[in-house]
Amino acid sequence: MTTLLSLVVLLPLIGAATALVFRPRPVQRTLSFVTLGTSLVAATSVLVDAWSNDAMHVVRMGGWPGSFAITFVADRLASVMVVIALTVTLLVLVYSVGQKSAGERSAFYHPVYMVMSAGISQAFLAGDLFNLFVAFEILLMASYVLLTLEGSDAQIRAGTTYVVLNVIESMVLVTAVGLIFAATGTVSMAELPARLAALPDGTRIGLQLLLLVAFGIKAAVFPLFFWLPDSYPTAPSSVSAVFAGLLTKVGVYCLIRTQTLLFPGELNDLIVVVGALTMALGVLGAISHTDMKRILSFHIVSQIGYMVFGLGIGGTAAIAATIFYLIHHIPVKTSLFLVEGIIERDSGSSSFDAVSGLARRSPAFAAMFLVPALSLAGLPPLSGFLAKFAIVRAGVDSEQWVAVAVALAVSLLTLVSMTKIWVGAFWGDVEPAASVGVGILRRHALMSMATALVVVLSLAIAVGAGPLYDFANKAAEQILDVAGYVTAVKS
Amino acid sequence: MSFSLLILTGVLFAAGSYLLMERSLTRIALGVGVLGNGVNVLIVAAGSSPAEAPIIGRVGELTDPLPQALVLTAIVIGFALLSFVLALAWRNWTITENDEVEDDVEDRLITRRDSSSAKSTDERHREDVSP
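A brief look at the structure comes next. Quantities reported herein were computed from a predicted structural model and do not represent experimental measurements.

This next bit is on the overall build of chain B. A count of helices and strands for chain B gives 5 helices and 0 strands. Walking chain B from its N terminus toward its C terminus, one meets helices and strands in the order α-α-α-α-α. Looking at chain B as a whole, 26% of its 131 residues qualify as buried.

On to the interface of chain B and chain A. On the side of chain A, 29 residues touch chain B, which itself brings 31 residues to the contact. Looking at the side of chain B that touches chain A, the elements that each hand over two or more residues are α2 (25–47), α3 (65–96) and α4 (105–113) of chain B. With 14 residues, the top contributor of residues to the side of chain B that touches chain A is α3 of chain B. Of the residues in the side of chain B that touches chain A, the class split is 22 nonpolar, 5 polar and 4 charged.

Before going further, it helps to examine the environment of T278 of chain A. All names here are of chain A. Tracing the backbone through its elements, the reader meets T278 in helix α12 (residues 268–288). Separated by 44 residues in the primary sequence, T278 and T322 place their C-alpha atoms 15 Å from one another. When near neighbours in sequence (up to four residues on either side) are disregarded, T278 contacts V221, F222, F225, V301, S302, I304, G305 and V308.

The subject of this paragraph is helix α5 (residues 109–125) of chain A. An ideal rise of 1.5 Å per residue puts 24 Å on 17 residues; α5 of chain A measures up with 25 Å between its terminal C-alpha atoms. Of all 17 residues in α5 of chain A, 17 are buried; the element is thus mostly enclosed.

What follows deals with unusual backbone geometry. All names here are of chain A. Following F222, the chain continues into P223 via a peptide bond in cis, with omega recorded as -5°. Mapping P223 onto the fold places it in the loop between α9 (201–219) and α10 (228–231). A cis amide bond, omega 5°, links P380 with the succeeding residue P381. As for its position among the elements, P381 is in the loop between α16 (363–377) and α17 (383–397). In this model, A220 sits at a positive phi of 60°, which is unusual for a non-glycine residue.

What follows is about helix α13 (residues 292–313) of chain A. Residue and element names in this part refer to chain A. Between its first and last C-alpha, α13 extends 32 Å over 22 residues, near the 32 Å set by a 1.5 Å rise per residue. The element α13 is extensively covered by neighbouring structure, given that 22 of its 22 residues are classed as buried. One or two positions beyond α13, positive phi appears at G314, with a value near 75°.

Reading the values: rules and limits
Residues numbered from 1 in each chain as written. Chains lettered and ligands numbered in written order. Predicted model: local features only at pLDDT ≥ 70, side-chain atom pairs only at ≥ 80, totals over all residues. Helix = DSSP H or I, 4+ residues; strand = E, 2+ residues; numbered from the N terminus. Buried ≥ 20, exposed ≤ 12 C-beta atoms within 10 Å, placed from the backbone. Contact = placed C-beta atoms within 7 Å. Nonpolar A, V, L, I, M, F, W, Y, C, P; charged D, E, K, R; others polar. Expected span 1.5 Å × (residues − 1).

So yeah, pure geometry; function would need other evidence.
Listed below in structure tokens is the structure:
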């Protein structure tokens, strides 16, 4: 089992190196599919074990003892995140092969894509703060390249904002790690809880704020979200789908880790306020735009707010709701971006001034948008309803009335802006007129198939919500049990 | 901890942050380099105490090798970042023939939509977008 765990990170890196040597595109594609597929199988077997067992899997690279080794820790939350992330990256890979964008034809697309996947998995599994920083750098560096691979004017402009903001984030993170090391003499997440608790209050809160700012930039929470709607829309749709689905969630995941493991229960009120503001401002931004990619990018921000709110409430029920939200949101957001990508490829624009009548052209395609869109807004019986319901119920239980009211209002506004896309792009006369009678699904078969599979994944989350929610509950209990984590990792 | 190193860290952080706020990409690249080195000095200065180099066979009080290992990794990462930013600046220069970071297209559209106070928003907006 421990070998499997390191394979999840090592395989994509080896695959990337090999793909850089053997440049022909069929070879690179096969390598991508094989390595990511194998990683997914390895991760799934770890998850299957974590689902039923209480034990955590801990790998120390090179067999070094205690806090010297590079440690990977797979508890329930980490293993489910790795599996979801790899599933989505694999499906988006299928999509990007079908998309034939200028980026995918570059010899660097597949290697960099695999490196990003390795970085994401490593960030979920990291057992010490410095290792986490390295994982962030790996995935960020890969994301810089993916974002600017086509080298167009718009990409370079947006890429600059993205790169500079993330450089600042990295600097804050590594400063935080350095100061934490200076204050406690360790960066191991198993040693830190006890040593941080022994620090004076002021020092501890300072360190916590530094980490919150670093992960807050990555997760795009208020007031650090402005870079996201600026930069995501310029990337090719397959790339922005992965960014939207996964990268911000890595930030949220790290927020969950620091809040539950390193600084349990501290500054929770601040986090609730930040969560409420993130929800509200994100959705207001979405309503003001008429470009689908922009609208969807602002919705990422607004949805992150829900997770941050859930995290701020604290307690097993709220954390379980947050974890469920995190799991549900990845396929939903990814599929919306993928659908948008098909529209853009089909009609050459993602602004619904230029596109309309899609529902008449292809009802099945329209359904592929409608299901995740309604799920995002939180309509029953879709997974979004269950996730929002769980968060709101946890909010009501802890009497956070203002934030609960914001959450409900935001969900309504989300529905409004999804309706706006629906009315703008899917209803009305078929436009551009030349495309009357041409099937969208058949023309973009591979892209549509990959998108459909992501939609099915999100439906599967709704159907299997019972067992999955139990699992989220157990995962929440596990991450809230700091003593359990410390003993498991140290022994 | 050495006081002069602390002052150095502060100066590097201040200079780096100032450079990052410029609109010219070359200055931003310089800022990335300066700020990165500030962080590296901080880790060494704060994390370890001055003592004998940590090599097997040395006697006496040895300094903690971990911060040095961390800084080594941070230097490599900083180098990669800096070269990427430079490549970005070069590409930007070949496309636009200048070194400035432009405003976002959609942002400009929204600013234009607000025609009543177009001029003043435009000016405010330029400051908002500077990274």
